[in-house]
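Residue-level structural notes
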Amino acid sequence: MSALINDLMNNTHEVPGKRASLVLGGLNNSSITDRVCEIAEAPTPPRAWYIAFAVSSSLTLMLFGLVGYLIFTGVGVWGNNAPVFWAWDIVNFVFWVGIGHAGTLISAILFLFRQNWRTSINRFAEAMTIFAVICAGLFPTVHVGRIWVIYWLLPLPNQNAIWPNFRSPLLWDVFAVTTYATVSMLFWYMGMIPDFATFRDRAKTRNRQMIFGTLALGWTGSARQWHRYEKAYLLMAALATPLVISVHTVVSFDFAVSQVPGWHTTIFPPYFVAGAVFSGFAMVVTLMVPAREFFGLRELVTLRHLENMTKIILLTGTMVGYAYAMEFFTAWYSGNRYEQFAFMNRAFGPYAWAYWTMVTCNVISPQFFWFKKFRTTPWLMVIVCIFVNIGMWFERFVITVTSLSRDFLPSSWGYYQPTFVDIGMLIGSFGLFFTLFLLFCRYMPIVAISEVKSILPENQNPH
Amino acid sequence: MSASNAITEKREKEHHPVAAQPALSAMIAEFPTAGSVLAAATRVSEAGWSDWDVHSPFPVHGIDSLLRIRSTKLPWFTLTAGLVGIVVAFVMQWWMNAVDYPFWISGKPFFALEAAAPIAFEMMILFAAIATIGGMILLNRLPRFSNPLFASERFLRATSDRFFIVISANDPKFDHDRVMQLFQECSATAIETCLAIDAREGRWPSLVTPIIVVAGVLALVPPALIAQKRSNPTDLPRFHVITDMDFQPKFKPQRTSRLFADGRVMRPQSAGTIARGEIQLDSRLHQGMEYGSREVAAIDRLNVLPISAQGGPSVTSNEGVQKNPMPAVPPPDPLDALPWVKEFPISVTLKTMKRGQERYNIYCSSCHGLAGDGDGLVTRRALDLEQGTWIKPTSFHAENVRNQPVGQLFHSVTNGVRKMPGYGDLIPVEDRWAILLYLRALQQSRRADLQDVPTELIPSLQDLPKE
């Protein structure tokens, strides 16, 4: 990996006394391997893991129950109804896809920008991407109603002899999200191949040998393998970077290509991408802080890593705040009465409570990260980040529901209210996300072992 | 060094108790740090070895040139697959939406680059990513689950914290002692020899083969079923796993069902009931008969209908009718005796008249002609084609039609008369009366005097053709 990080470009040099080291506690090749592998090799995980798993897996069961109820009864069990036909299903979808984007950003974009510090957190973040995309995919999947013909979304020959409509942004979304899920999964897996080989070679039982032996594909870490592997990694990063931007752009097209006031704006793509990175990083921090405590990774995921992430949150949060202001400006400047109404209605209409929750959480709360204390105290970070996540969920709610509940025809205005199924499925999706995440923490290499080793000072190129 | 050699010898014995000495596959030297392996690799490279490799837990830089690794072809895989993805996406979208199943969506073109671009972009990335990772795996000759190197316990640390130089026995210069000496000069911390895997050891676990065979056979079942179905067309309805709305548990018109004693799914109205909105209290308006008169109460509507439908000679003899559609002396009609209204039960205004004209032209003129002479377009066409079953409609100017009370005409229009079907279901009751009002005006127009014309309109009459 560090072949790309030549001296000219590297701005993350270890300058003694200036920056904290990326790996603390004097960890070396052996102890890093032990530290990470022992999490997965330990006969039992920490007690906190059991508690968290019990909670999240029961929530997952509830989610599956509600999904079954929805499939057997119909989408009418949700609160969606005229005029708000898109409600929490789309809100949750955009929310979760957005969360996922931080993972790709860390693994691909920071890689291209030669940010060495990503190595300790990228595996985490990539896993989070995949689990978030799974949660995201669930909602549009069940919202089609007749889920058994969902393959109609794909260009597959079917007995009706018709094809999907490629001129619809919703179909672009199908392609964008499935591509994103596939590529993220491949990238994640490719990143893990050397670590699976480490697991395989340390395996004590036949089962672990078989499982990790299969997953590692016979990796031996030869220089020839590494040569192609690094090239592949670079190419994947170069592919994933435009991909992640395109995915949230296409998600924003679902709204922007329509004509509903408050949706039909060109600012949506960049604004959505910034929001996605913002919420995703908040989620990474929220997960990372407890995980590094419980699994003893404080020396690998250091305060410097966390602080870097809070800085990104501060930056993207400010961008999101700018976008909110810009939306009002555009509405006013456009001279379009419907557009102007849509925004006045957001801020002062029946959903004003949601709008101001969003502004408080998304614009004001990240500003605390101007203070060093907030950037370096883990629990303070987590609090701010939870607010950010709440705010970003509300952002999608405000965009989706306020615009639909009051569009062109006052005679068809309405007020959307969720049902218990809506609420249960949102909570349940968190359960699913955390269940997958906890399983990942327990059984997989949660830190990219080989990548962290490559940035250790002792392993730096001797010449 | 000697200690590690001893271990190696011992392992060889363990693995191959029978002395059929297997071929030497490679020799391995272990190094503790990236720096030391790099230094050693430099020596090996300078000594001119060709078939050797360095194994490390992370990529050690500077080794590629020592091993003379040529830059990988992988980027070409990526580029090609990306281009293929773009082309496939464009062709697919164009073919599916513009050729095979073109359908209009809000006036958009069937195919446009702009709308096709997002999917082309995604498919480019998808294809390129799959090719990149697939290419990396294939070029690295993976998956390769059995490797002579894995027999060495020591070598397993290559993925954790040790660095190894491996010289293959395939190298033309290979010789056990020479390699041993070279490694010792490089100050390796351990040296081992690796034996070629004997064929039995390199095999998969015994369960894998049957699993693959069973899975492969099962995978053939769906395509076989599809092929079988495709080659045997059938008239039966399609097989539906989930019936959706194609088959609904409901009765369709004109079907039968054993649920009802009479087998009809279309249920007659229950006796003594009136359907919603169907109550017809005003007999003058709805039946064209005097309200309150005894006779009305005596008439059963259901009895009247068959009489009107069967009566008249036209049904029995089409031949005669066609030549002479107006029977000279109609037989006495039981309907004549009924108490028909003679006045219009709706208000007679110019507006109603206009409405009647409009409705008449829509509903009646096609058969009866615009002026009511029984020469509408449908009639003329039918007579031209010499349609045997066609009956020329009665002229409204005929004596017997003129003399009929308006209530009786209303009855004819509502319930039909002889060959003419009833229009009661199609035309609301007020409109039927309006049509009759206009019909009366048409009749009047043939017999009017000059004094019937309003004085201010008399001058315009001069344009009419003189009789």
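Residues numbered from 1 in each chain as written. Chains lettered and ligands numbered in written order. Predicted model: local features only at pLDDT ≥ 70, side-chain atom pairs only at ≥ 80, totals over all residues. Heavy atoms only, no water.

A word on the overall build of chain B
Within chain B, the secondary structure is distributed over 17 helices and four strands. Considering chain B as a whole, with its 467 residues, one finds that 35% of them fall into the buried category. Within chain B, contacts between residues separated by at least 24 positions form 69% of all contacts whose residues are at least 6 apart in sequence. (Helix = DSSP H or I, 4+ residues; strand = E, 2+ residues; numbered from the N terminus. Buried < 20%, exposed > 50% of the residue type's maximum accessible area, 1.4 Å probe, protein only. Contact = heavy atoms within 4.5 Å.)

Topic: the sheet that holds strand 1 (residues 24-31) of chain B
Residue and element names in this part refer to chain B. The sheet built from four strands is open, its strands ordered 2-3-1-4 with antiparallel pairing. Taken across any chain shown, the strands that pair with only one partner, and hence form the sheet edges, are strand 2 (52-55) and strand 4 (190-195). Each neighbouring strand pair of the sheet contributes to a mean axis angle of 20°, computed without reference to strand direction. The sheet contact formed by strand 2 and strand 3 (residues 163-168) spans four bridges and is antiparallel. In the sheet register, histidine 55 faces strand 3, and the bridge partner there is phenylalanine 164. Docked against the sheet, helix 6 (residues 176-185) engages strand 1, strand 3 and strand 4, running at close to 10° with respect to strand 1. (Pairing = 2+ DSSP bridges. Axes fitted to C-alpha atoms, helices over the stretch in contact; angles between N-to-C directions.)

Examining the nonpolar core
As a rule of thumb, soluble globular proteins bury nonpolar side chains together. Within the largest apolar cluster, 174 residues are counted, with the highest numbers of intra-cluster contacts made by Trp96, Phe397 and Met425 of chain A. Per element, the largest residue contribution to this core is 17 residues, and it comes from helix 5 (residues 169-202) of chain A. Contact partners of tryptophan 96 of chain A, with chain neighbours within four places excluded, come to Ala132, Cys135, Ala136, Phe139, Met283, Ser429, Phe430 and Phe433 of chain A. Grouped together as the second largest cluster of nonpolar side chains are 30 residues, Phe31, Phe58, Val60 and Ala188 of chain B included. (Core = buried A, V, L, I, M, F, W, Y, C linked by side-chain atoms within 4.5 Å.)

Considering the interface of chain B and chain A
Counting from both sides, the interface comprises 71 residues of chain B and, opposite them, 68 residues of chain A. A combined buried area of about 6,100 Å² lies between chain B and chain A, and 67% of that area is made up of carbon and sulfur atoms. Considering only the side of chain B, the residues that lose the most area to chain A are His61, Glu122 and Thr159 of chain B, jointly responsible for 10% of the buried surface there. Our count for the chain B to chain A interface comes out at one salt bridge. (Buried area = accessible area lost by both parts, 1.4 Å probe. Salt bridge = Lys/Arg side-chain N within 4 Å of Asp/Glu carboxyl O.)

Observations concerning the domain arrangement of chain B
Looking at chain B, the domain boundaries give domain 1 (24-69 + 146-195), domain 2 (74-139) and domain 3 (284-291 + 334-446). Computed over C-alpha atoms, the centres of domain 1 of chain B and domain 2 of chain B are 45 Å apart. (Domains from an automatic or database assignment.)

Here we look at the pairing of strand 1 of chain B
Residues and elements named next belong to chain B. Counted residue by residue, strand 1 has seven buried out of eight residues, so it is predominantly covered. In this structure, strand 1 lies alongside strand 4, joined through six bridges in antiparallel fashion. Paired with methionine 27 across the two strands is threonine 193, which belongs to strand 4.

Examining a nonpolar patch on the surface
Taken together, the side chains of Val144, Tyr151, Trp152, Leu153, Leu154 and Leu156 of chain A present a nonpolar region at the surface, about 450 Å² in accessible area. Taking the relative accessible area as the measure of exposure, leucine 153 of chain A reaches 32% and is therefore partly exposed. (Patch = residues over 30% accessible without salt bridge, like charges linked within 9 Å, V, L, I, M, F, W, Y side chains within 5 Å. Areas by Shrake-Rupley, 256 points an atom, 1.4 Å probe, with all protein chains shown as cover.)

Description of the confidence of the model for chain A
Per-residue confidence for chain A gives a mean pLDDT of 90; residues scoring 70 or more make up 95%. Segment residues 1-5 of chain A: pLDDT under 50, and 17 contacts once partners within four positions in sequence are set aside and those in other chains are kept. (pLDDT = per-residue confidence, 0-100.)

Observations regarding empty space enclosed by the protein
One pass over the structure, following the stated rule, counts six cavities of 30 Å³ or more. Lining the largest cavity we find 13 residues, and of these Thr104, Ser107, Thr129, Ser184 and Phe187 of chain A sit closest to its centre. Elements with a minimum of two residues in the lining of the largest cavity: helix 3 (88-112), helix 4 (122-143), helix 5 and helix 7 (223-256) of chain A. Residue composition of the lining of the largest cavity, grouped by class: seven nonpolar, five polar and one charged. Taken as a whole, the second largest cavity spans an internal volume of roughly 60 Å³. Taken together, Ala223, Trp226, His227 and Glu230 of chain A together with Val54, Ser56, Pro59, Val60, His61, Ile63 and Asp64 of chain B make up the full set of residues lining the second largest cavity. (1 Å grid on protein atoms, 1.4 Å probe; cavity = no way out; pocket = protein on both sides within 12 Å on 5 of 7 lines; lining within 4 Å. Points joined across faces, edges and corners; volume = space filled by probe spheres on them. Nonpolar A, V, L, I, M, F, W, Y, C, P; charged D, E, K, R; others polar.)

Considering the pairing of strand 4 of chain B
Most of strand 4 of chain B sits inside the fold, with six of its six residues counted as buried. What you see with strand 4 of chain B is no split at all: Ala190, Glu192 and Cys194 of chain B on one side and Ile191, Thr193 and Leu195 of chain B on the other are buried throughout.

Describing the packing of helix 5 of chain A against helix 6 (residues 206-216) of chain A
Residue and element names in this part refer to chain A. Interaxial distance between helix 5 and helix 6 falls to 8 Å at its minimum, and their mutual angle equals 145°. The handedness of the crossing between helix 5 and helix 6 is left-handed. When helix 5 is examined against helix 6, the residues Tyr189, Ile193, Phe196, Ala197, Phe199 and Arg200 are found in contact with a partner set consisting of Arg208, Gln209, Phe212, Gly213, Thr214, Leu215 and Ala216. Residues that form the contact of helix 5 with helix 6 fall into these classes: eight nonpolar, three polar and two charged. (Left-handed = near helix turned anticlockwise from the far one by under 90°.)

Description of helix 5 (residues 113-139) of chain B
At isoleucine 119 of chain B, helix 5 of chain B is deflected by roughly 25°, the largest bend along its length. Among the residues trailing helix 5 of chain B, arginine 141 of chain B stands out with phi positive, at a value near 55°. (Bend = angle between axes of the 7 residues up to and from the residue.)

A short note on the environment of alanine 40 of chain A
Residue and element names in this part refer to chain A. With respect to the helices and strands, the residue alanine 40 is situated in helix 1 (residues 29-41). Residues alanine 40 and tyrosine 443 lie 403 residues apart in sequence; the distance between their C-alpha atoms is 4.8 Å. Residue contacts for alanine 40: discarding those within four places in its chain leaves Phe199, Arg208, Arg442, Tyr443 and Met444.

With respect to the environment of proline 242 of chain A
Assignment of secondary structure puts proline 242 of chain A in helix 7. Not counting chain neighbours up to four residues away, the residues in contact with proline 242 of chain A comprise Phe121 and Ile125 of chain B.

Some thoughts on the pattern of salt bridges
Residues and elements named next belong to chain A. Following the criterion strictly, the structure yields 27 salt bridges over all chains and no others. The residue arginine 346 makes a salt bridge to glutamate 327 at a minimum N-O spacing of 3.7 Å. Separated by 19 residues along the polypeptide, arginine 346 in helix 10 (residues 337-348) and glutamate 327 in helix 9 (residues 303-334) bring together distant segments of the chain. Accessibility assignment for this pair places arginine 346 and glutamate 327 in one class, buried.

Structural notes on the confidence of the model for chain B
Residue and element names in this part refer to chain B. Across chain B, the average pLDDT comes to 83, with 83% of residues at 70 or higher. Per-residue pLDDT stays below 50 along residues 293-297; that stretch engages in six contacts with residues further than four places along the chain or on separate chains. Predicted confidence is poor over residues 300-324, with pLDDT under 50, and the contacts of this stretch with residues over four places away or in other chains come to 27 contacts. Two numbers describe this predicted complex: its pTM, 0.73, and its ipTM, 0.93.

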